Amino acid sequence: MQENLERQLEELEVLACIYPDELTVDTGGVATIHQFLANPGGVDASALPRLSFTVRLLPSARLEHGRLAWVRPSVTVVFPTRYPTNAAPLVTETTGIDALPVGALARCTEENR
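The model shown is predicted, which means the values in this text are computed figures rather than measured ones. (Residues numbered from 1 in each chain as written. Predicted model: local features only at pLDDT ≥ 70, side-chain atom pairs only at ≥ 80, totals over all residues. Heavy atoms only, no water.)

Concerning the pattern of salt bridges
Stage number 1. Under the defined criterion, the tally for this structure stands at 1 salt bridge.
Stage number 2. With a shortest N-O distance of 3.9 Å, Arg7 and Glu3 are connected by a salt bridge. With a gap of 4 residues between them, Arg7 and Glu3 both fall in helix α1 (residues 2-18), about one helical turn apart.
Stage number 3. Overall, Arg7 belongs to the partly exposed group, its relative accessible area being 37%.
Stage number 4. With a relative accessible area of 51%, Glu3 lands in the exposed category. (Salt bridge = Lys/Arg side-chain N within 4 Å of Asp/Glu carboxyl O. Helix = DSSP H or I, 4+ residues; strand = E, 2+ residues; numbered from the N terminus. Buried < 20%, exposed > 50% of the residue type's maximum accessible area, 1.4 Å probe, protein only.)

This is the structure we're talking about:
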């Protein structure tokens, strides 16, 4: 579990470098994971939060009621405790994204759980 958590934190650091303005991370969860890794006996492993983040994508336009509307799509992802060794990241929420690709993404995520 510790190796998975270390790799998750590393992945969040890389994402923060790639998407400095677009990425929002659950900083409370990150702090708790850092505390656990520094002192594994000091934090109950079963109470550890799952790390999550949201990426805001580039604005896009779509038609709503016959008018052009700008939306700022976003995707929220959660890392299961077993990620990356035995589980895929979970897309838990999307906004401003068409339902068809999201449904396909959800099916792929379920199949790879």
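Thoughts on the nonpolar core
Stage number 1. One finds Leu12, Ile33, Leu48, Leu51, Phe53 and Phe79 to be the most contacted residues of the largest nonpolar core, which totals 17 residues.
Stage number 2. When residues of this core are traced back to their parent elements, those giving at least two are α1, α2 (27-38), β2 (52-56) and β5 (74-78).
Stage number 3. When residues no more than four places from it in sequence are discounted, the contact partners of Ile33 are Leu5, Leu9, Leu48, Pro49 and Leu51. (Core = buried A, V, L, I, M, F, W, Y, C linked by side-chain atoms within 4.5 Å. Contact = heavy atoms within 4.5 Å.)

Overview of the sheet that holds β5
Stage number 1. Taking strand neighbours across the sheet as the criterion, the 4 strands line up as β1-β2-β5-β6 in an open arrangement whose pairing is antiparallel. Looking at strand neighbours, the two that pair on one side only are β1 (23-25) and β6 (90-95), the edges of this open sheet. For this sheet the average axis-to-axis angle between neighbouring strands, irrespective of direction, equals 20°.
Stage number 2. With 5 bridges joining them, β2 and β5 adopt antiparallel strand pairing. (Pairing = 2+ DSSP bridges. Axes fitted to C-alpha atoms, helices over the stretch in contact; angles between N-to-C directions.)

Overview of the packing of α1 against α2
Stage number 1. Here α1 crosses α2 at 140°, and the two axes come no closer than 11 Å. Compared by their axis directions, α1 and α2 come out oblique. Pair α1 / α2 crosses with left-handed handedness. Between α1 and α2, the residues in contact are Gln2, Leu5, Glu6, Leu9 and Leu12 and Val30, Ile33, His34, Phe36 and Leu37, respectively.
Stage number 2. Classifying every residue of the contact of α1 with α2 gives 7 nonpolar, 2 polar and 1 charged. (Parallel < 35°, antiparallel > 145°, perpendicular 65-115°, else oblique. Left-handed = near helix turned anticlockwise from the far one by under 90°. Nonpolar A, V, L, I, M, F, W, Y, C, P; charged D, E, K, R; others polar.)

What about α2?
Stage number 1. Between its terminal C-alpha atoms α2 stretches 16 Å, which fits the 16 Å expected from 12 residues at 1.5 Å a residue.
Stage number 2. Among the residues of α2, Gly29, Val30, Ile33 and Phe36 are the ones counted as buried. The buried residues of α2 occupy an angular sector of 125° when the element is viewed end-on, so they sit on one face. Seen from the buried face of α2, the exposed residues on the opposite side, beyond 90 degrees, are Thr27 and Ala38.
Stage number 3. Where α2 is buried, its residues meet α1 and β1. (Expected span 1.5 Å × (residues − 1). Arc of directions from axis to C-beta.)

Describing the packing of aromatic side chains
Stage number 1. Counting across every chain of the model gives 2 aromatic pairs.
Stage number 2. Between Phe79 and Tyr83, the aromatic rings sit 4.6 Å apart at their centres with planes inclined by 10°, giving stacked as the arrangement. Residues Phe79 and Tyr83 agree in their burial class; the two are buried.
Stage number 3. Through a chain of ring-to-ring contacts, three or more aromatic side chains come together here, namely Phe53, Phe79 and Tyr83. (Phe/Tyr/Trp six-rings, centres within 6.5 Å; stacked < 30°, edge-to-face > 60°.)

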